[in-house]
Amino acid sequence: MDINTKMSAADTLKTQLEVDRFNKTLAVNGRAASRELGKDDFLKLLITQLSHQDPLAPMENTQFIAQMAQFSSLEQITNMSAGFNRLASMLTNTEAVNLTGKTVDIGTENGLITGTVQSASRGENPQVIVNGVPYTMSQIERIYAH
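Source: prediction; values computed, not measured.

Calculation rules
- Residues numbered from 1 in each chain as written.
- Predicted model: local features only at pLDDT ≥ 70, side-chain atom pairs only at ≥ 80, totals over all residues.
- Heavy atoms only, no water.
- Helix = DSSP H or I, 4+ residues; strand = E, 2+ residues; numbered from the N terminus.
- Buried < 20%, exposed > 50% of the residue type's maximum accessible area, 1.4 Å probe, protein only.
- Contact = heavy atoms within 4.5 Å.
- Areas by Shrake-Rupley, 256 points an atom, 1.4 Å probe, with all protein chains shown as cover.
- Salt bridge = Lys/Arg side-chain N within 4 Å of Asp/Glu carboxyl O.
- pLDDT = per-residue confidence, 0-100.
- Pairing = 2+ DSSP bridges.
- Axes fitted to C-alpha atoms, helices over the stretch in contact; angles between N-to-C directions.
- Core = buried A, V, L, I, M, F, W, Y, C linked by side-chain atoms within 4.5 Å.

This part takes up the overall build of the chain. Each helix and strand counted, the chain has 3 helices and 5 strands in total. Element order for the chain, N to C, with α for helix and β for strand: α-α-α-β-β-β-β-β. For the chain, the residues scored as buried account for 14% of the 146 residues in total. Put simply, of all contacts in the chain between residues at least 6 apart along the chain, 44% involve residues at least 24 apart. Just so you have it, the chain exposes about 11,700 Å², and 56% of that area is on carbon and sulfur atoms.

A word on unusual backbone geometry. Located in the positive-phi region is Asn131, a residue other than glycine, with phi close to 55°. Assignment of secondary structure puts Asn131 in the loop between β3 (127-130) and β4 (133-136). Taking relative accessible area as the criterion, Asn131 reaches 47% and is therefore assigned partly exposed.

Turning next to the pattern of salt bridges. Under the definition given, this model contains 1 salt bridge. For Arg142, the salt bridge identified is with Asp105, shortest N-O distance 3.1 Å. One end of the pair, Arg142, is in strand β5 (residues 140-144); the other, Asp105, is in strand β1 (residues 103-108), with 37 residues separating them in the sequence. Given a relative accessible area of 44%, Arg142 falls into the partly exposed group.

For the rest of this paragraph, the subject is the confidence of the model for the chain. Looking at the chain as a whole, its pLDDT mean stands at 81, while 86% of the residues score no less than 70. No element of the chain has a lower mean pLDDT than helix α2 (residues 39-51), which averages 76, and none a higher one than β1, which averages 93.

Turning our eyes to something else, we now look at the sheet that holds β4. The 5 strands lie next to each other as β4-β3-β2-β1-β5, forming an open sheet whose pairing is antiparallel. Where the open sheet ends on each side, the last strands, each with one partner, are β4 and β5. Neighbour-to-neighbour, the strand axes of this sheet turn through a mean angle of 45°, independent of strand direction.

Judged from the 4 bridges that link them, β3 and β4 form a sheet pairing that is antiparallel. Its bridge partner lying in β4, Val130 is registered against Val133. Hairpin connection between β3 and β4: a loop of 2 residues separates the two successive antiparallel strands, and Asn131 in this loop has a positive phi of roughly 55°.

Counting 10 residues, the largest nonpolar core is built from Ala96, Leu99, Val104, Ile106, Val117, Val128, Val130, Tyr135, Met137 and Ile140. For this core, the secondary-structure elements that each account for two or more residues are β1 and β3.

Of the two faces of β3, only one is covered, namely that formed by Val128 and Val130; the face formed by Gln127 and Ile129 stays uncovered. Taken together, strand β2 (residues 111-120) and the strand that follows it, β3, pair antiparallel across an intervening segment of 6 residues, in which Gly123 is found at a positive phi of about 135°.

In structure tokens form, the structure reads like this:
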């Protein structure tokens, strides 16, 4: 008795599509699938391109230099973005600390609350304590000088 172990072309295609769909949901090296290319992806593409190029017709120097310049630009833009994020966080933290002792108007669901900032927390999302209640910096509508 022979058992047919071969799949039809339609079944093979259907199975491959399901496997591909499932694989896209998995995280690879701790990274989830994304529609954006980062600098690591760009470098992998460049290395793959170089390792699979035709030795009799290698990539032209100008193409290689242009790709390296693009990679360098991408890396610098990424570094600048991270630096700006750190700077923005530091400025927000400094602003929260400098509000201590000042009178502020806080916008809430129930309307405007006026009070003196008793303390401020630091971190990714700094908060100020007014009348014993924590508020985010984005809720502050007005600051009064003393």
